[in-house]
Every structure is written in C-alpha cells, then in structure tokens.
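Chain by chain, the residues:
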Amino acid sequence: MSLELLNSLPLIDPFGRTVDYVRVSVTDRCNLRCTYCMSEEMRFLPRRDLLTLEELDRLCAAFVRRGVKHLRLTGGEPLTRKGIMDLVRGLSRHLQSGALEELTLTTNGVRLAEFAQGLAEAGVRRVNVSLDSLDRATFARIARADRLAQVLDGIAAAQAAGLKVKINTVALKNDNEAEIPRLIQWAHAGGMDISLIETMPMGAVDEDRTDQFLSLTALREQMRSYWTLSDLPERTGGPSRYVRVAQTGGRLGFITPLTHNFCDTCSRVRVTCTGTLFLCLGQEAAMDLRGPLRASDAALHAAIDKAIAAKPKAHDFLLPVPGARPAVARHMSVTGG
Ligand code: SAM
Ligand code: SF4
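Residues numbered from 1 in each chain as written. Chains lettered and ligands numbered in written order. Predicted model: local features only at pLDDT ≥ 70, side-chain atom pairs only at ≥ 80, totals over all residues. Heavy atoms only, no water.

**Some words on unusual backbone geometry**
Despite not being glycine, arginine 144 has its phi angle at roughly 55°, a positive value. In this structure, arginine 144 sits in the loop between helix H5 (136-143) and helix H6 (148-160). Residue arginine 144 is classed as partly exposed on the basis of its relative accessible area, which comes to 24%. (Helix = DSSP H or I, 4+ residues; strand = E, 2+ residues; numbered from the N terminus. Buried < 20%, exposed > 50% of the residue type's maximum accessible area, 1.4 Å probe, protein only.)

**So, the site of ligand 1**
Inspection of the region around ligand 1 gives 19 residues, with Tyr36, Gly76, Ser130, Val170 and Met200 positioned closest. With respect to ligand 1, the side chain of glutamate 77 contributes an N or O atom lying 3.2 Å from a nitrogen atom. Threonine 107 places a main-chain nitrogen or oxygen 3.2 Å from an oxygen atom of ligand 1. Looking at the shell around ligand 1, the elements with two or more residues in it are strand S3 (102-107) and strand S5 (164-170). Classifying every residue of the shell around ligand 1 gives 6 nonpolar, 10 polar and 3 charged. (Near = heavy atom within 4 Å. Polar contact = N/O pair within 3.5 Å; in protein donor to acceptor, adjacent residues only side chain to side chain. Nonpolar A, V, L, I, M, F, W, Y, C, P; charged D, E, K, R; others polar.)

**Some details on the site of ligand 2**
As a structural note, the neighbourhood of ligand 2 is formed by Cys30, Leu32, Arg33, Cys34, Cys37, Met38, Gly76 and Asn108. For the shell around ligand 2, a count of residues per class yields 5 nonpolar, 2 polar and 1 charged.

**Description of helix H2 (residues 53-65)**
When the terminal C-alpha atoms of H2 are compared, their 18 Å separation across 13 residues agrees well with the 18 Å that a helix rising 1.5 Å per residue should span. Listing the buried residues of H2 in full gives Leu53, Glu55, Leu56, Asp57, Leu59, Cys60, Ala62, Phe63 and Val64. Trailing H2 by a residue or two, glycine 67 shows a phi angle of about 95°, which is positive. (Expected span 1.5 Å × (residues − 1).)

Right, here's the structure in full:
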C-alpha cells in the first residue's frame, strides 16, 4: 500500500473502536482558577513549549485526514489563546470540504461575547460552556474570580449568534449541590442542554476532592423523587448518559467516569497544547506528536498509528479515597476534559 493511502486510513484501535473524535487543548492557561481544576498559584508552561497555531492546524488536518469527524478545541481556556480565531477560521476549511462534521469548543464563557459571532461565521454550530453556579458569590468562590456576569453575557451572545449552547456543571457537594435543580431549570428554560460532571481526581489542587465529590448516581436517584426522568439512547462516544426531564422538557446529561464505566464505546483521544497525545482520560498512556510533527507528515502519521495501536481498553480511576494522591498527575487543564 502506498504511503499516501496508508496516511488516510481510519484510526481503529486494537479493541475495534474507531477513533473519530479528537479534543485539542490549545493552551494550558486560563482566566479562571476553578478550585477543582487548578491550584490558586498555578505554574503554566513556558510559551515556547506550546505548539504554534500553524502546528495545531497541521496536527488537526492530519487527524481529519485519518477520518476524524469531530474536533473540539479546549484548554485551559481556548478563548485566551492569542490568534485562536485564525486557527478556527483555518480549520473551518475541513467543514467546507465535508471531511469534518463538527468543530466545537469548550469554554468558560468569560470572553465568549467577544468571539461568538466570529465562531458562528466560521461554521461552529455548538459550544459547551462550563458554569457551576448562577449565584455571584458561589461562582466567584468556585472560580476564584467574580466573572458570572461576563459568562451570562457570553451565553446570551452565543445564542444570539445562532450557536447551540450546552452547559457543563461540575457537581460539588458543598458548593453547588443545593443549586443544581435550579441550574437545570434555568438551562432548560433557555433552550440549553445541561450535563453534570463528577469531579475527577486529576492533578494536585489546593482542596481535598473527596470533600467535594458528589455521586451523580445518588443525585439522579434523588431527582427521581421530584422529576420524571426518561433515559435517552444518545451516546456521544464519551462518558455521558442522557435523560429527558418531563417537567422541563429539556435534556440532562450525567458524566460519571467514576461510578459508571463508559470505556467500551470510547471513540476519543486528546492532544495537549504541547502536542502530547493522550489515549485515555484516566491513564498515563501517551505519545509525543510534537517531535514527529516537526519532522514530517509521514513521521506524524506513523506516530499516530503507533499510539492508536496502544489505546488502553479502559481507565482506572478509583472511587475517591480521602487524602489519596490524584489517580492521574496531570491537571484537567492539560488535556481539556
Ligand atoms: N476552560 C474551559 C472550561 O472550563 O470549559 C475548557 C477546559 S476545562 C478543563 C473543561 C471541563 O473540565 C470543564 O467543564 C471543567 O468544569 C471540567 N473539569 C476541570 N477539572 C475537572 C475535574 N477535576 N473533574 C471534573 N471535571 C473537571
Ligand atoms: Fe479554567 Fe476551565 Fe479549569 Fe475552570 S475548569 S480553571 S475555566 S480550565
């Protein structure tokens, strides 16, 4: 088989799973410091270690060539990366050609008002916005920054630009547990899906995550006492399971990597802003793509093939043990969730 042909073969791992979804972290920096994600005094990577925008573009193009249909830009906060719109506009050529089905973004929304229109014009149809509280003081405590108003403006601007917004909320026992039903009602009233996320033991933070851990399996059972939840068949190739809430008419997702095994249908891999390919959110299995990327396209494709052949079957997050070290040393802001 010619090299040309080899480099356009789909990515199928040893367990028969086709990898068609890539999350790319474009920066490890952020304009918030969410307590479950970062420590207050985070040390970020030197800028010279980051892939350039051109390299990010080439990397994404290589994955698209290998049959990747869904690209999600994340971070850190992707909208703080200088030149992010150049990257988005460049990647939109794959949407126009039909090779890519979807280009999306996960953002904290702080700068979304500025970028919403441009994102929509570049062909982005959906964005995920992380929002853990609608109460200004609670938001400020969790995010360590008083930015709720900007996030709400960002969401409004995104909707006005025609983007579909999904809300992601990390369920935190002491911080927002009591507020979760209200958040769900608010999201659904605004025509948005919402997913709840369990805290994952990734990277050292200042607090003990076992104090914050809230089991979504238990929360869902509790919700059944006041709402009618019907299971939906949608699967996204990730750890989400969806239900319809009869009383609000909206969709509610549960992202439960700790209490639920989702690995059997995993179709995704993640690339950090320094070009390391992580094959599983909950494992250290990784491959450097920056070196091969800087060498040649052929070297890049060979490295991607080698990595996919080593995609782990499943993660091994354990249920939280008080005082235990994180299961995975890297922060979520490295791989972008
Ligand atoms: N800054 C953007 C944002 O917050 O949406 C994108 C990157 S952020 C790392 C992606 C998602 O990961 C967010 O929804 C965030 O709430 C979630 N996240 C971060 N650390 C987490 C952790 N330890 N456990 C569970 N979710 C986490
Ligand atoms: Fe920043 Fe997102 Fe992490 Fe919050 S969750 S600190 S917004 S990267």
